[in-house]
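Summary of the model geometry
What follows is the residue order along each chain.
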Amino acid sequence: MLVLRQTLLIAAKDTKVFLKDPFGVAFALLFPLMFILGFSLALRNIAPEDEQLAITVATREQEGLSHRIINLLTEDELLGAVVMPYDAAVRAVEEEEIGGFVAFPADFTSGLTEGRPTKLEVVARAGDPELEAALMGFARSVASSSSNTRIALAAIAQIAGPAALPRDAASFGRGGSLLSFETEQVGPVEAFNAANFTVPGYLTMYVFFAAAMGARAIMRERVNYTLERLMSNGARRESVVAGKYLGALYLGAIQLAVLWGAGLLAFGIHLGVSPAAVIVVSALMVLTSAAFGVMLASLVHTEASASSAAVLASLLLAPIGGCWWPLFITPEWMQSLAKLTPHGWANTAFNKLMLFGAEGGDVLVEMAALAAFGLAFLVVALVRFRLSPGGP
Amino acid sequence: MTEEFLVAKDLRKRFGDVPAVDGVSFTIRRQEIFGLLGPNGAGKTTIIRMLSTTLEPDAGGIEIGGRSVAEDSVGVRALIGVCPQELALYPELSARDNLVFFGRMAGLGSRQAKEAAAENLELVGLLDRAKDAVRKFSGGMKRRVNLAAALMSRPHLLFLDEPTVGIDPQSRNHIFETILRLRSEGMSVLYTTHYMEEADRLCSRIGVIDHGRLISLGTPAELKSAIGPPDEVTLEQVFLNLTGRNLRD
Ligand SMILES: Nc1ncnc2c1ncn2[C@@H]1O[C@H](COP(=O)(O)OP(=O)(O)O)[C@@H](O)[C@H]1O
Ligand SMILES: [Mg+2]
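Because the structure is predicted, anything quoted here is derived from the model rather than measured.

**Some points on the overall build of chain A**
A count of helical and extended segments in chain A gives 15 helices and six strands. In chain A, buried positions account for 53% of the 392 residues. Relative to all contacts within chain A whose residues are 6 or more apart in sequence, the contacts with residues 24 or more apart total 79%. Carbon and sulfur atoms make up 64% of the accessible area of chain A, which amounts to about 16,700 Å² in all.

Right under this line is the structure:
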């Protein structure tokens, strides 16, 4: 009870202090908005012309759902899918006219309607990893419980009526979908709205940055002896750690509200088919980042070193973790490196959810990894945190 | 009830190779203003930190109000107030918000804390500036808020660590008057300083400290009479006599 009361008092006080610091507010909220605006505009101008990868699709069915889906896909101007007969597509790959294609199997319609698992086929020329990734991502988004799956469901309903839907249509899109796809790798289906990438990217970067800079405020309190004063006043060490942590969570929650709000209202982002999962991932990023800030304060000795460590960590981890450019366009070694950062896991989850149509269940690994980072940071913070220089 | 409110026995603390406090013993009586006089680096702050439960001594024992600091730090914290050498305040917050926060952390309810904040600001003469951010205050005013914050827990024993460093005469007088008034209301005070005149004017007994050791202890008159007629000798001379150095060196 005492600890809880003290924790809440400290967190409330920290929030009050934070809101009185115009630079802090600008840093946590306006900076990311500026970057999002700048990069969304910049990317909007290049993306449609030369960055778009043409997706080739083919089907081995004579007639059926796949034709219907292909029609919907090729009608979509933004996606720009091209349809080819299967044999012609294979030849085109062999003659290096195209890099690869995605094909619907001959049993696609019967498989889906009879509830039998069926597989999409990805054919790609070796040596064009970018296109291969794009095709895989495309196939996955068709296969997974995506908006494309809903296209498929709509197509089924249109052709054969609702009765033709698989027995449990609701489960159609879930993790154990009837329609599966062989590779786990996610590649870029074109991000139509660059903000769908830049908003979560800069949100991740600045949630972490602001929380890491929180270490500086904690150090200031240790150096000017307010923490020691609290201690001689009867504050428990755990109350201070928890209070500082909770205060950082409040700040993170404000950041989420402002940045997601701006993303939705001003940048027209789309949270994907599982908006709740997007929010959960961002909340986990806040929990983990706040823990990092408190941990940092428990490891350094001066305000200046807290500050430089926070800046260094934030500016280093943001690009490694895919905040500035999408991880899926980077070489494999960079994607592996990203796994060492909380940012990498968060961004991978955001990209899957917001660009590739994944559902909450598809990003459980990323969520777990984020939580594991946060837990590790918290343990270090709890063990190492000191209220006074050289004291307990 | 014993006459002694604080008993410190053979306190020791090293920081690496530096023996910051090297076997210091003294007592503070109820309603006494006890002075620790010594140059910078003598060990005054380290002693206060050990007495106020925020720094663990390497050796020695401390009892405050009959409670052992080592065994009942929670009980001791309920009896003490600390006015640290640094301005341990939140400059962005108003004087009142600072005091209310420290009061609530010490266990006061919301209303109690607001009342106590007003009382203590009145005491240090800053009630009319209660709503201003501490950042806008002069050095002397900040020192007064620093003192008021130490009073929020209504302590029986107040630790004052060089509370008058670098302030204007008006704030200094205000602080002196406050301390004397608190003493008359029953509070015991430990006052550290490197200003002779302050110790002379306020303290009933003074411990002279140098290099972490207590080199002399007594009333101002006793200390002075060791080298000559008390009203002709200054404490400055006492220190010079004891250490062969000037206090300000
Ligand atoms: N946290 C610390 N770490 C290392 N040395 C310290 C620390 N605190 C004090 N000291 C050293 O201990 C000695 C006594 O310091 P202090 O108690 O602050 O003296 P005073 O308050 O009388 O000026 C000094 O030599 C000081 O440098
Ligand atoms: Mg000192």
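**A short note on the coordination of the magnesium ion (ligand 2)**
Residue and element names in this part refer to chain B. Protein-derived coordination of the magnesium ion (ligand 2) comes from Thr45 (OG1) and Gln85 (OE1), at a distance range of 1.9 to 2.2 Å. Highlighted residues: threonine 45 in helix H1 (residues 44-51) and glutamine 85 in the loop between strand S6 (80-83) and helix H3 (95-105), separated in sequence by 40 residues. Given the relative accessible area of 23%, threonine 45 is considered partly exposed. Of the residues examined, glutamine 85 reaches a relative accessible area of 24% and is grouped as partly exposed.

**Observations concerning a nonpolar patch on the surface**
A contiguous nonpolar patch, built from Val311(A), Leu315(A), Trp324(A), Trp325(A) and Ile329(A) and spanning about 410 Å² of accessible area, is present on the exposed surface. You can see Trp324(A) is positioned in the loop between helix H12 (303-320) and helix H13 (332-338).

**Quick word on the packing of helix H1 (residues 2-19) of chain A against H3(B)**
It is the contact of H1(A) with H3(B), at a shortest axis distance of 10 Å, that shows an interaxial angle of 165 degrees. For the element pair H1(A) / H3(B), the angle class is roughly antiparallel. Crossing of H1(A) over H3(B) shows left-handed handedness. For the pair H1(A) and H3(B), contact is made by Arg5(A), Gln6(A), Leu9(A), Ile10(A), Lys13(A) and Lys16(A) and by Asp97(B), Phe101(B), Arg104(B) and Met105(B), respectively. Residues belonging to the contact of H1(A) with H3(B) are distributed by class as follows: four nonpolar, one polar and five charged.

**Description of the packing of aromatic side chains**
The full count for this structure, using the stated rule, is 20 aromatic pairs over all chains. Their ring planes at 5 degrees and their centres at 5.3 Å tell us that Phe35(A) and Tyr202(A) sit as a pair that is stacked. Placement of the pair is Phe35(A) in helix H2 (residues 22-51) and Tyr202(A) in helix H8 (residues 195-223), with a sequence separation of 167 residues. When its relative accessible area of 32% is taken as the criterion, Phe35(A) is described as partly exposed. Accessibility expressed as a relative area gives 4% for Tyr202(A), which makes it buried. By the ring-pair criterion, three or more aromatic residues cluster together here, those being Phe23(A), Phe27(A), Phe31(A), Phe35(A), Tyr202(A), Tyr206(A) and Phe209(A). The residue whose ring lies beneath Lys339(A) is Trp345(A), and the NZ or CZ to ring-centre distance is 5.8 Å. Sitting above the plane of the Tyr195(B) ring, Arg172(B) keeps its charged end 5.3 Å from the centroid.

**Thoughts on the interface of chain A and chain B**
Across the contact, 26 residues belong to chain A and 30 residues belong to chain B. With both sides pooled, the region where chain A packs onto chain B buries about 2,500 Å², and carbon together with sulfur makes up 57% of that total. When the area that chain A buries against chain B is broken down by residue, the three leading residues are Arg229(A), Ser232(A) and Asn233(A), summing to 27%. Counting every contact that joins chain A to chain B gives two salt bridges. Between Glu228(A) and Arg49(B) there is a salt bridge, with its nearest N and O atoms 3.0 Å apart. Applying the counting rule to chain A against chain B returns 12 residue pairs in polar contact (both at pLDDT 80 or more). Elements with a minimum of two residues in the side of chain A that touches chain B: H1, H8 and helix H9 (226-232) of chain A. The element best represented in the side of chain A that touches chain B is H1(A), accounting for seven residues. When grouped by side-chain class, the residues that make up the side of chain A that touches chain B number nine nonpolar, nine polar and eight charged.

**Remarks on the site of ligand 1**
Residues and elements named next belong to chain B. The environment of ligand 1 is formed by Phe15, Val18, Ala20, Pro39, Asn40, Gly41, Ala42, Gly43, Lys44, Thr45 and Thr46. Contact distances for ligand 1 include 2.7 Å between an oxygen atom and a backbone N or O atom of glycine 41. Here an oxygen atom of ligand 1 sits 2.5 Å away from a polar atom, N or O, in the side chain of threonine 46. Protein chains shield 66% of the accessible area of ligand 1, which is 560 Å² for the free molecule.

Cut-off values and rules
- Residues numbered from 1 in each chain as written.
- Chains lettered and ligands numbered in written order.
- Predicted model: local features only at pLDDT ≥ 70, side-chain atom pairs only at ≥ 80, totals over all residues.
- Heavy atoms only, no water.
- Helix = DSSP H or I, 4+ residues; strand = E, 2+ residues; numbered from the N terminus.
- Buried < 20%, exposed > 50% of the residue type's maximum accessible area, 1.4 Å probe, protein only.
- Contact = heavy atoms within 4.5 Å.
- Areas by Shrake-Rupley, 256 points an atom, 1.4 Å probe, with all protein chains shown as cover.
- Donors = N, O, S within 2.8 Å, 3.2 Å for Na, K, Ca; no water.
- Patch = residues over 30% accessible without salt bridge, like charges linked within 9 Å, V, L, I, M, F, W, Y side chains within 5 Å.
- Salt bridge = Lys/Arg side-chain N within 4 Å of Asp/Glu carboxyl O.
- Axes fitted to C-alpha atoms, helices over the stretch in contact; angles between N-to-C directions.
- Parallel < 35°, antiparallel > 145°, perpendicular 65-115°, else oblique.
- Left-handed = near helix turned anticlockwise from the far one by under 90°.
- Nonpolar A, V, L, I, M, F, W, Y, C, P; charged D, E, K, R; others polar.
- Phe/Tyr/Trp six-rings, centres within 6.5 Å; stacked < 30°, edge-to-face > 60°.
- Lys NZ or Arg CZ within 6 Å of the ring centre and 35° of its normal.
- Buried area = accessible area lost by both parts, 1.4 Å probe.
- Polar contact = N/O pair within 3.5 Å; in protein donor to acceptor, adjacent residues only side chain to side chain.
- Near = heavy atom within 4 Å.

Any functional reading would require information beyond the geometric quantities listed.
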